[in-house]
Amino acid sequence: MKVSITPGTKQKGLLFKSTVHTVSFSVTFSEEEKAKVDALGIKKHAVVEGVPFKSGAIMDLTVDMIGDGYGFEASFENEGAATGFIGVLKGSLQNLKAHMDAHSGPAQAEEFEL
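Below you will find a few notes about this structure.

## Let's talk about the environment of Val51
- As for its placement among the helices and strands, Val51 is situated in strand 3 (residues 46-52).
- Considering only alpha carbons, one finds Val51 and Phe85, 34 residues apart in sequence, at a separation of 8.4 Å.
- In this structure, Val51 is in contact with Ala57, Ile58, Met59, Leu61, Ala74 and Phe85, ignoring residues within four places of it in sequence.

Right, here's the structure in full:
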């Protein structure tokens, strides 16, 4: 899984200008990871809920939206919210990766003594 996250700022408005804090991000799955997503049936699983996209829409970011490397941009009124989103995004992607890795194949038989 390749992840790119870039924080930034933009000016909004013509007459009454204000600063908007942005987070641009993309995620690219390997072919193996795409196969795991299909096998686990988690395409519609929400990675992050309630993402405020630059278009003004607030949507859940799902697994099937992110894996092809398309770029997204979220907008926030303050830097703290943008920074918080970056932390949530990173944590959610790490959890997704761990879930996919934990279910990477059939269970292996174990034998041990206690």
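## Overview of the packing of aromatic side chains
- Taken as a whole and assessed by the stated rule, the structure comprises four aromatic pairs.
- Plain terms: the ring middles of Phe25 and Phe72 are 5.6 Å apart, the flat faces sit at 25° to each other, and that makes the pair stacked. Separated by 47 residues along the polypeptide, Phe25 in strand 2 (residues 18-28) and Phe72 in strand 5 (residues 72-76) bring together distant segments of the chain.
- Overall, Phe72 belongs to the buried group, its relative accessible area being 17%.
- Note on Phe76 and Phe85: the rings are 5.3 Å apart at their centroids and 40° apart in plane angle, and the pair reads as tilted.
- Residue classification places Phe76 among the buried residues on the basis of a relative accessible area of 10%.
- By relative accessible area, which is 6% here, Phe85 ends up buried.
- Through a chain of ring-to-ring contacts, the aromatic side chains of Phe25, Phe53, Phe72, Phe76 and Phe85 assemble into a single cluster.

## Examining the pattern of salt bridges
- In this structure the tally under the stated criterion is ten salt bridges.
- Among the ionic contacts, a cluster of salt bridges with common partners joins Glu32, Glu33, Lys36, Lys97 and Asp101.

Thresholds, definitions, all that
- Residues numbered from 1 in each chain as written.
- Predicted model: local features only at pLDDT ≥ 70, side-chain atom pairs only at ≥ 80, totals over all residues.
- Heavy atoms only, no water.
- Helix = DSSP H or I, 4+ residues; strand = E, 2+ residues; numbered from the N terminus.
- Contact = heavy atoms within 4.5 Å.
- Phe/Tyr/Trp six-rings, centres within 6.5 Å; stacked < 30°, edge-to-face > 60°.
- Buried < 20%, exposed > 50% of the residue type's maximum accessible area, 1.4 Å probe, protein only.
- Salt bridge = Lys/Arg side-chain N within 4 Å of Asp/Glu carboxyl O.

Read these as spatial facts, not as claims about activity.
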